[in-house]
Each structure stands twice: as structure tokens, then as C-alpha cells.
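# Report on the structure
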Amino acid sequence: MKIRAAVLDEMGRPGPYAQTRPVAIETIELDAPGPGEVLVRITAAGLCHSDLSIINGDRPRPMPMALGHEAAGVVEECGPGVTDLRRGDSVALTFVPSCGHCGPCMEGRPALCEPGAAANGAGTLLGGGRRLRRADGSMLNHQVGVSCFAEFAVVARGTLVKVDPQLPADVAAVFGCAVLTGVGAVVNSARLPLGATVAIVGLGGVGLSALLGALAAGARQIVAIDRLGGKLERALALGATHAFNAQDPDLVAQVKAATGGGVEYAIEAASSVEALAAAWAITRRGGTTVTCSLPHPEHRLALQAVQLVAEERTLKGSYLGSAVPARDIPRFISLYQAGRLPVDKLITARITLEDINAGFDRLAAGEAVRQVIVF
């Protein structure tokens, strides 16, 4: 079938993207779903910093690629072997397809699915195939098995989580990445206990989701840190107890003064080694620093190794919020529906597919939290 989709041919084109237009809206061919795959009509898709990291070259991926990884949609057709979904089901899409039988999957850690990681790195679906091609027959790569900046997508069954059909599509979309990653970093990776002190470093969609997760988990102090004043104001409006500018030379001293020696948990979501170093510096003795962002793979973090032992410090990574999507997305949606996780407040604009390059300009400038393409 013919679909309209956002395609990137080369990484690293300079901005402003509204002028250089690295992402082209093309009419391409989408093949039918194969075994274990599903055709989904996309209803909404969020612009995420991970997409921007591919456009600017910070996250190297095979080119050319049909972009997008955070979305909601409706099942149109199930391929052979898919029996637990049917046409008309509402779904959220996640960006790590779980095979269900590798070591991490069997340990209850589907975010670390080994075949899923290999397929995502190669630009294929979980089964190793590609379903996207141009009119001349040349194949297009899939972004992490999703490629949802498009009218339709074919994805592996393990990419999909069935959701309440009454949930607005734009809200449903953000549960697949921003909410799952941010809230999951708090409740799954950090395992934030009731009454803890926590800092959120980097206040994009993931960071503010983490802030909402910390509120829902009962944190007693929530310190918000970012370079942009508007994001700090938004964090305070959402429930942060303190806000500090990341560029303040006295940042560490100010946070320690406000929290009695540093926070017990720090969540870094800024895709920056400098931000991670700051998160580590403001974590108190015996505390835990969690990073859930994806800086350029060549960037390195320098630590005083003795701190790990002498201060019993923990530094850990969190991919996809250490989540089990089929378990966590319905839980988080229930909290949203109960008014305890107001993630709709993260949506700062609803845009069209044609506005995607300008949308990434706004994202790069920090002028938007979550922009959602509505189809």
C-alpha cells in the first residue's frame, strides 16, 4: 500500500531544519505484515529527542530511514501467527520489540531483548525484514522497529500494547516512550521509596515524566534542573519543590544546601555527559544516580572511582524505564485516568506531518516539551 511518511536520507544536516529540511515527506510503499507482525494505522506520534539525535547525528543509524518511534494507533491487519489482537484494537507502540525467549526477556527485562536490540541497530523489524521501500524498489530502514511518522506502520507484535480505546490518541502516544522511560526510571530503575528526595536533571518530555512519576511515588522533595527558565517554571507548576539553573556555577552547593547534603536519588534525562556529571555530584552518600538518556556513543564520563565504595554510591542505566511495557503502560494509564499522572500537561503542541522540520527546530531550541503529530 502507498503511505505518506517522514524519511531521513542523511544525518548531520545543519539547522534551522525548517530551511534545510532534512526530513522529507514522501509517498512510499508499505508491504503487508509478515509472520508475527501487525499493520497499524497511526493516529498520533510524538517528537522525541531520540528522533532529533538521529537527525543531528548523535545517535548513528543506518540510512535512509523512515523516522518515528513514539506513537498510538489502531490495528488494521494481523499477520500470520498473531492471534491476540484484532482489527480495531487501540494500541500504543514501544521501541524495543520483545522476542519473549532470549535471556533478558525470560528474566523479565524485555527492554534488553537481544534480538530486538540487534534488529533496531540494523534498521529492520524483529524478524529481520524490512517492509518499507521507495517507488524505485530501494528499501528504507525502520527506526527502532516503529517508523511511526507515517500514516501506517508494520511492526512486530512485541512492539504493541493494547490500550483503552477511550484514551485520546495524542495522550496514548506519549506512554510509549516519554512516560514509559521517565516514570519507569523512577519506579522501576531507582525504585524510589515513599518520602525520598529526588532531582530531575533535564526537563524535556522524559524528564518531566520522571517528575510526575516522583510525585506519584510520594517524593518529599523534587529538585528540577535545566538550562532554560521556561522549563524550570513548568516543573514548578507541575509540582517540583525546588528549581535550579543547570548553568549556575554554584549549582551543586545550592542543591546540597536545599536538600541537606544532596538528594538520595538523581535522574538524568538530558542526553549530556555534563548533565550526568551534575546529577552524580548532587547525589548524597549512599544515594543512587540513574541515567535514562542517550548521549553520543563517543562521549565518556569521568568519575572518582573510590566514591563508589567509600560512599556506597550507585550509578545505573535505565533503558525504556527498565519497563515491562505490557505491564507498565496499562498501570501508568490507570494512574493518568485517576488524575495522579497528568501526562497530558506535557503536550505543548499538536502539529501536522508537514510541520515536522519546524517541530524539530522547536525541540532543539528547548521551546517544546512534547509535540504530537495528529493524523
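Scroll up to find the structure.
First, a word on what this report is: a plain description of the structure on this page. (Residues numbered from 1 in each chain as written. Predicted model: local features only at pLDDT ≥ 70, side-chain atom pairs only at ≥ 80, totals over all residues. Heavy atoms only, no water.)

### Notes on the sheet that holds strand β16 (residues 314-317)
Strand pairs in the sheet, formed through backbone hydrogen bonds, run parallel or antiparallel to each other. Stated precisely, the cut-off is as follows: Between any two strands, at least two bridges found by DSSP are needed for them to pair. Under the DSSP-based scheme used, a helix requires at least four consecutive residues in state H or I and a strand at least two consecutive residues in state E, with every element numbered from the N terminus. Every axis in this analysis is a line fitted to C-alpha atoms, fitted for helices over the stretch in contact. Angles between the N-to-C directions lie between 0 and 180 degrees.
The six strands lie next to each other as β13-β12-β11-β14-β15-β16, forming an open sheet whose pairing is parallel. Where the open sheet ends on each side, the last strands, each with one partner, are β13 (242-245) and β16. Within the sheet, the average angular offset between the axes of one strand and its neighbour, ignoring direction, is 15 degrees. The pairing of strand β11 (residues 197-201) with strand β14 (residues 263-268) spans four bridges and is parallel. Note that in β14 the partner of Val201 across the bridge is Glu268.

### Quick look at unusual backbone geometry
Peptide bonds are trans in most cases, and residues, glycine excluded, mostly fall at negative phi. In this chain, Gly15 is followed by Pro16 through a cis amide linkage whose omega measures 0 degrees. Relative to the helices and strands, Pro16 resides in the loop between β1 (2-8) and α1 (17-20). Put simply, Met63 and Pro64 share a cis peptide bond, and its omega is -10 degrees. The phi dihedral of Glu312 is positive, around 45 degrees, even though this residue is not glycine. Assignment of secondary structure puts Glu312 in the loop between α10 (306-310) and β16. One non-glycine residue, Leu320, lies in the positive phi region at around 55 degrees. Along the chain, the position of Leu320 falls in the loop between β16 and α11 (325-337).

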